[in-house]
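This is what each chain is made of:
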Amino acid sequence: MTANVPPTMSPAMNAAAGQTSPLAQLADIHLPPPVANFPWAPGWWVLLGIAVIALLCGVFWYRQHRSKSAFRRAALVELSDIATIESDQLFAQQLNQLLRRVALHSYPKEKIAGLSGDKWMDFLYQNCGEKPIFADASLEALLQAAYQSPTHTLARDGLIAESKTWIRRHRSRHV
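A surface patch of like charges, here negative, comprises Asp-118, Asp-122, Asp-136 and Glu-140. Of all elements in the fold, only α6 (118–126) and α7 (136–147) reach the threshold of two or more residues within the negative patch. Counting through the fold element by element, Asp-118 comes out in helix α6.

So, about the pattern of salt bridges. Taken as a whole and assessed by the stated rule, the structure comprises two salt bridges. Of the charged contacts, one joins Glu-78 and Arg-101 as a salt bridge, the two residues approaching to 2.3 Å between their closest N and O atoms. Taken together, the residues span a long stretch of sequence, with Glu-78 in helix α3 (residues 70–82) and Arg-101 in helix α4 (residues 88–106) at a distance of 23 residues. Residue classification places Arg-101 among the partly exposed residues on the basis of a relative accessible area of 38%. The partner of Asp-88 in a salt bridge is Arg-156, and the shortest N-O contact between them spans 3.0 Å. Placement of Asp-88 in helix α4 and of Arg-156 in helix α8 (residues 156–169) is noted, with a sequence separation of 68 residues between them.

Following the criterion strictly, the structure yields five aromatic pairs and no others. Each ring, one from Trp-40 and one from Trp-45, has its centre 5.3 Å from the other, and the planes form 45°; the classification is tilted. You can call Trp-40 partly exposed: its relative accessible area is 39%. With 5.7 Å between their ring centres and 15° between their planes, Trp-120 and Phe-123 make a pair best called stacked. Within this pair, Trp-120 and its partner Phe-123 are both found in helix α6, separated by three residues, close to a single helical turn.

Helical periodicity: at 3.6 residues per turn, an α-helix aligns residues three or four positions apart in one direction. Here α4 is 19 residues long and its end C-alpha atoms lie 27 Å apart, about the 27 Å a rise of 1.5 Å per residue gives. When we look at burial in α4, the residues that qualify are Asp-88, Phe-91, Ala-92, Leu-95, Asn-96, Leu-98, Leu-99, Arg-100, Val-102, Ala-103 and Ser-106. Residues of α4 that are buried sit in contact with α3, α5 (109–112), α6, α7 and α8. Structurally, the start of α4 carries an N-cap: the backbone nitrogen of Gln-89 is 3.4 Å from a side-chain oxygen of Ser-87.

Cut-off values and rules
Residues numbered from 1 in each chain as written. Predicted model: local features only at pLDDT ≥ 70, side-chain atom pairs only at ≥ 80, totals over all residues. Heavy atoms only, no water. Patch = residues over 30% accessible without salt bridge, like charges linked within 9 Å, V, L, I, M, F, W, Y side chains within 5 Å. Areas by Shrake-Rupley, 256 points an atom, 1.4 Å probe, with all protein chains shown as cover. Salt bridge = Lys/Arg side-chain N within 4 Å of Asp/Glu carboxyl O. Lys, Arg positive; Asp, Glu negative; His and termini not counted. Charge placed at Lys NZ, Arg CZ, Asp CG, Glu CD. Helix = DSSP H or I, 4+ residues; strand = E, 2+ residues; numbered from the N terminus. Buried < 20%, exposed > 50% of the residue type's maximum accessible area, 1.4 Å probe, protein only. Phe/Tyr/Trp six-rings, centres within 6.5 Å; stacked < 30°, edge-to-face > 60°. Expected span 1.5 Å × (residues − 1). Contact = heavy atoms within 4.5 Å. Polar contact = N/O pair within 3.5 Å; in protein donor to acceptor, adjacent residues only side chain to side chain.

See the structure below:
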C-alpha cells in the first residue's frame, strides 16, 4: 500500500499551475515599537527624588555655611583696609580691635569682654586649632604698640598674615 502523498512541487511548477508560493506571501518581520523614554519606571522616579533632595540639602547647607561665615569675609576685607594704615600705633589699635570684634562674634561675650594683656594673648593662642598661629614676639609687639608709643617698627606683614589665618581658622561652638 502506498500512501497518497501529493508530489512536491517546485515554485516554478506552482507558478505554472497558477498558484503563488506561500513564501511570497510572507511579510517582513514586524519590529515592536521603540521603548518610550518617558514615563520612567518607578525606580528612576525614586532615584530622581533622592537626587533632588540631596541637591536641595546641599544648597541649604551651602547657604547656611555662607551666611555663618559672612563675618569672616567682612573681617578679611577690613583687615586689608587696616593694612594700609601708616601709623604703627593706629595700625596696632585697629588690628587689635578687629581681632577682638571677631572673637566677640564667635565666642560668648562673658568669655571675651574681660580679656586683656596676657590673657588676651593666651586666648588668641589657644583658639586656633592645634598649633598657635601667632608668634610670641609679634603678639607682644602688637599689644605694646596698641597701648604705648612703639619703640620699633612692627612686623606688619607677619601680623597681617597671622591675623588672616586666625580669622579663617578659629572655631567655636557658639556660632
